[in-house]
Amino acid sequence: MSLIPSKCIEFNEERKICIAFEKGKIYRLNNNSSHKIKKVKIDNCIQQNKGEKRCDYLMEIKAIKKTIFIELKGGDLVHALRQLYSTIIYFKTEFSNYQIDARIIGSRDVPGFINTADYIRLEKEIRPTKGTIKRGTNNIYIESI
């Protein structure tokens, strides 16, 4: 049984361009491969314990077994890492055979970001899936599949 309630699914279809946005931050996935993509709103929709924070969205590409977890953040990139980690751990069984990618879209860069304990912890979770952690620092991140 899925951990994703149907009320949290924004779309599950083939789209050329898939966008997640919030407060001026934009994640854009160009779907050049014409895969069916499921976009799920996580924050304030998926079950979470009191005090627990989740990332904003995920996009699942079932045909290639890939899930992209997305956090649209102002400036606290360390907090974004914690939100992504918490969400990925929550969905670990749901996407156990998937490549897990994490995307952080913020307004600025943080020097030394990849040397923080939270980054290293997230990377240890993602690396075995052959996933990546990427960030956009000018309020936008664009990638293609």
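Computed from a predicted model, the values in this text were never measured in an experiment.

Definitions and cut-offs
Residues numbered from 1 in each chain as written. Predicted model: local features only at pLDDT ≥ 70, side-chain atom pairs only at ≥ 80, totals over all residues. Heavy atoms only, no water. Helix = DSSP H or I, 4+ residues; strand = E, 2+ residues; numbered from the N terminus. Rg over C-alpha atoms; globule rule 2.2 N^0.38 Å. Buried < 20%, exposed > 50% of the residue type's maximum accessible area, 1.4 Å probe, protein only. Contact = heavy atoms within 4.5 Å. Areas by Shrake-Rupley, 256 points an atom, 1.4 Å probe, with all protein chains shown as cover. Lys, Arg positive; Asp, Glu negative; His and termini not counted. Charge placed at Lys NZ, Arg CZ, Asp CG, Glu CD. Pairing = 2+ DSSP bridges. Axes fitted to C-alpha atoms, helices over the stretch in contact; angles between N-to-C directions.

Trainee: Account for the overall build of the protein, with residues named and values stated.
Mentor: Across its full length, the protein carries 2 helices and 9 strands. From first element to last, N terminus to C terminus, the protein shows the α and β order β-β-β-β-β-β-α-β-α-β-β. In terms of C-alpha radius of gyration, the protein reaches 14 Å, essentially the compact-globule figure of 15 Å for 145 residues. Over its C-alpha atoms, taken along the principal directions, the protein stretches across nearly 40 × 30 × 30 Å. The buried share of the protein, taken over its 145 residues, is 46%. Within the protein, contacts between residues at least 6 apart in sequence are counted, and of these 66% link residues at least 24 apart. About 7,700 Å² of surface is accessible on the protein, with carbon and sulfur atoms providing 49% of the total. Across the protein, the mean location of the 27 positive side-chain charges is 1 Å away from that of the 17 negative side-chain charges.

Trainee: Before we move on, could you go through the sheet that holds strand E1 (residues 9-14) and cite the residues and values that matter?
Mentor: Strand order across the open sheet formed by 6 strands is E1-E4-E5-E6-E7-E8, with mixed pairing between neighbours. The open sheet terminates on both sides in strands that have one partner only, identified here as E1 and strand E8 (133-136). Across the sheet, the mean angle from the axis of one strand to that of its neighbour is 15°, orientation sign disregarded. Bridging between strand E4 (residues 36-41) and strand E5 (residues 57-61) involves 4 bridges; their strand directions are antiparallel. Within E5, the position partnered with Lys 38 by the bridge is Glu 60.

Trainee: Describe the sheet that holds strand E2 (residues 17-22), and please don't skip the residues or the numbers.
Mentor: Pairing in this open sheet of 3 strands is mixed, and the strands run E2-E3-E9 from one edge to the other. The open sheet has two free edges, formed respectively by E2 and strand E9 (140-144), since each of these has just one partner strand. If you compare each strand with its neighbour and ignore which way they point, the axes differ by 10° on average. Bridge count for strand E3 (residues 25-30) against E9 is 5 bridges, and the pairing is parallel. Of the residues in E9, the one forming a bridge with Arg 28 is Ile 142.

All we've got here are geometric facts, nothing functional implied.
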